[in-house]
Amino acid sequence: WGVSVRKKMTVKTYARTEEEKQDFFWTATDEPHASRRGLILKAHPEIRDLFGPEWRTKYIVTFLVVLQLSCAYLLRDLTWTWQFWLTAYVIGATSNQALFLGIHEISHFLAFKSFYLNKMFSCFANLPIGFPYGATFREYHLEHHKFQGVDGIDTDLPTAFEAAFLDSTFGKIVFLSFQWVFYALRPLMLKPRPLTSAIVSNAIVQLTFNALVYKFFGSGMLWYFVFSTFLAMSLHPCAGHFISEHYVFVKGAETYSYYGVLNYLTFNVGYHNEHHDFPNVPWSNLPKLRKLAAKFYDPLPHVR
């Protein structure tokens, strides 16, 4: 692929020769975000005023959960019909992708000031996804921030197997169509983590919810949740951020920002350089951060 930056303690320079075309780009340099954060704070100490929870997050997430429950209920007897698939793609996948990213905000404790309220709310946001996701995501995601691109630690990196066997047009279509498989199984296979109380609680809440839905409303609602999640991480416009964030488009650049309209549906996840520089700035303040520190962000590769 040659599409991800990987890091090791030993030096391996960027590789993209014919012999190494299936390899990754390698570097021994530190990730750029910590050093840029220091420079930006020195130039703009007022950015600290942007830190902290966003009060609107809990209301938006609650609306999305209610929307998904309502759609699932209305379609409970229409599974496999065109109405089911159209709604699951247009509304369900868009909503579940937004819930993924709402959970992303919650994992940085940006929905509430309270640590425990954030953990509890993550379980609530998880309900329409159908699978216990939020607590496990947080464990791996915080490592992704701390060890971005470090081989063997950052499980957002595609594996050598993926690079070797999916390095073709057809292989990449398979990868894009089934991102949820790779995104879910890669961390568990490469770097399994011990069960924590948060992970167990997330699983208990989700499985109990699923069982109650099945008992009182049948399997149709559960199928809606499952396919909304599948489509959200498949060939869907809002899933493009999985590719745009860290896959290498410009040699030497590890993270990319996107400033287009899809940010309105995805908690501004496109402001990804800004997010990695300041993960304690909520989604609503990322455009303000970029505006304040424009001289740092304008030169970076980005898409509008």
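Remember, predicted model here, so these are calculated numbers, not experimental data. (Residues numbered from 1 in each chain as written. Predicted model: local features only at pLDDT ≥ 70, side-chain atom pairs only at ≥ 80, totals over all residues. Heavy atoms only, no water.)

Participant: Which residues make up helix H1 (residues 33-43), and what values do they have?
Facilitator: All of the buried residues along H1 are His33, Arg36, Ile40 and Leu41. For H1, the angular spread of the buried residues around the axis is 135°, confining them to a single face. Away from its buried face, by an angle of more than 90 degrees, H1 presents the exposed residues Leu39 and Lys42. Buried positions along H1 lie against helix H12 (272-277) and helix H14 (294-297). (Buried < 20%, exposed > 50% of the residue type's maximum accessible area, 1.4 Å probe, protein only. Helix = DSSP H or I, 4+ residues; strand = E, 2+ residues; numbered from the N terminus. Arc of directions from axis to C-beta. Contact = heavy atoms within 4.5 Å.)

Participant: Which residues make up the pattern of salt bridges, and what values do they have?
Facilitator: Here the structure, examined in full by the defined rule, presents nine salt bridges. Arg290 is the partner of Asp298 in a salt bridge, and the nearest nitrogen-oxygen pair spans 2.6 Å. A relative accessible area of 11% places Arg290 in the buried class. Connected via shared salt-bridge partners are Glu139, Glu143, Lys191 and Arg193. (Salt bridge = Lys/Arg side-chain N within 4 Å of Asp/Glu carboxyl O.)

Participant: Provide a residue-level description of the packing of aromatic side chains, including the pertinent values.
Facilitator: A complete count under the given rule lists 28 aromatic pairs for this structure. With 5.2 Å between their ring centres and 85° between their planes, Phe115 and Tyr116 make a pair best called edge-to-face. Of the residues examined, Tyr116 reaches a relative accessible area of 58% and is grouped as exposed. Look at Phe267 and Trp283: their rings are 5.5 Å apart centre to centre, the planes differ by 90°, and that puts the pair in the edge-to-face class. You can see Phe267 sitting in the loop between strand E3 (257-258) and H12 and its partner Trp283 sitting in the loop between H12 and helix H13 (286-292), a full 16 residues away along the chain. Among the residues examined, Phe267 registers a relative accessible area of 7% and is labelled buried. Counting every residue linked through ring pairs, the aromatic cluster contains Trp80, Phe84, Trp85, Phe209, Trp223, Tyr224, Phe225 and Phe227. Positioned above the aromatic ring of Tyr259 is the side chain of Arg290, whose terminal nitrogen or guanidinium carbon lies 4.4 Å from the ring centre. (Phe/Tyr/Trp six-rings, centres within 6.5 Å; stacked < 30°, edge-to-face > 60°. Lys NZ or Arg CZ within 6 Å of the ring centre and 35° of its normal.)

Participant: Requested: an account of the packing of helix H4 (residues 115-126) against helix H9 (residues 197-217), with residues and values cited.
Facilitator: The relative placement of two packed helices is expressed as an angle between their axes plus a distance between the axes. It is the contact of H4 with H9, at a shortest axis distance of 10 Å, that shows an interaxial angle of 35°. Judged by the sense of rotation from one axis to the other, the crossing of H4 with H9 is right-handed. Two secondary-structure elements touch here, H4 through Lys119, Cys123 and Asn126 and H9 through Ser197, Ala198, Asn202, Val205 and Gln206. (Axes fitted to C-alpha atoms, helices over the stretch in contact; angles between N-to-C directions. Left-handed = near helix turned anticlockwise from the far one by under 90°.)

Participant: Residues and numbers for unusual backbone geometry, please.
Facilitator: Unlike most non-glycine residues, Phe109 shows phi in positive territory, near 60°. On the basis of relative accessible area, Phe109 is assigned to the partly exposed category, the value being 25%. The backbone of Asn268 shows a phi angle near 55°, a positive value even though the residue is not glycine.

Participant: Residues and numbers for the environment of Arg186, please.
Facilitator: Position of Arg186 relative to the elements: it lies in helix H8 (residues 179-190). Sequence separation between Arg186 and Leu157 is 29 residues, and the spatial gap between their C-alpha atoms is 8.9 Å. Among all residues touching Arg186, those that are not within four sequence positions of it are Thr155, Asp156, Leu157, Pro158, Thr159, Glu162, Phe175, Val181 and Lys191. A distance of 3.1 Å separates a polar side-chain atom of Arg186 from the backbone oxygen of Thr155. (Polar contact = N/O pair within 3.5 Å; in protein donor to acceptor, adjacent residues only side chain to side chain.)

Participant: Let's hear about the confidence of the model for the protein: which residues, and what values?
Facilitator: In this model, the protein carries a mean pLDDT of 90, and residues with pLDDT of at least 70 account for 92%. Within the model, the stretch residues 8-22 combines pLDDT values under 50 with 31 contacts to residues more than four positions away or in other chains. (pLDDT = per-residue confidence, 0-100.)

Participant: Please give an account of the environment of Val65 that cites residues and values.
Facilitator: Position of Val65 relative to the elements: it lies in helix H2 (residues 56-74). On the basis of relative accessible area, Val65 is assigned to the buried category, the value being 1%. Taking C-alpha positions, Val65 is 8.5 Å from Asn126, a pair spaced 61 residues apart along the chain. Those residues within four positions of Val65 in sequence are excluded, and the remaining contacts are Leu99, Phe124, Ala125 and Pro128.

Participant: Explain the environment of Ala232 to me, using residue names and the numbers behind them.
Facilitator: Tracing the backbone through its elements, the reader meets Ala232 in helix H10 (residues 219-232). As a C-alpha pair, Ala232 and Val213 span 19 residues in sequence and 21 Å in three-dimensional space. In this structure Ala232 touches Ala93, Asn96, Gln97, Phe100 and Ala239, once residues within four positions along its chain are discounted.

Participant: So what's going on with the side chain of Glu274? Which residues, and what values?
Facilitator: Here Glu274 is to be found in helix H12. By relative accessible area, Glu274 is classed as buried at 0%. Once residues lying within four places of it in the same chain are set aside, the contact partners of Glu274 are Ser257, Tyr259, Leu286, Leu289, Arg290 and Tyr297.

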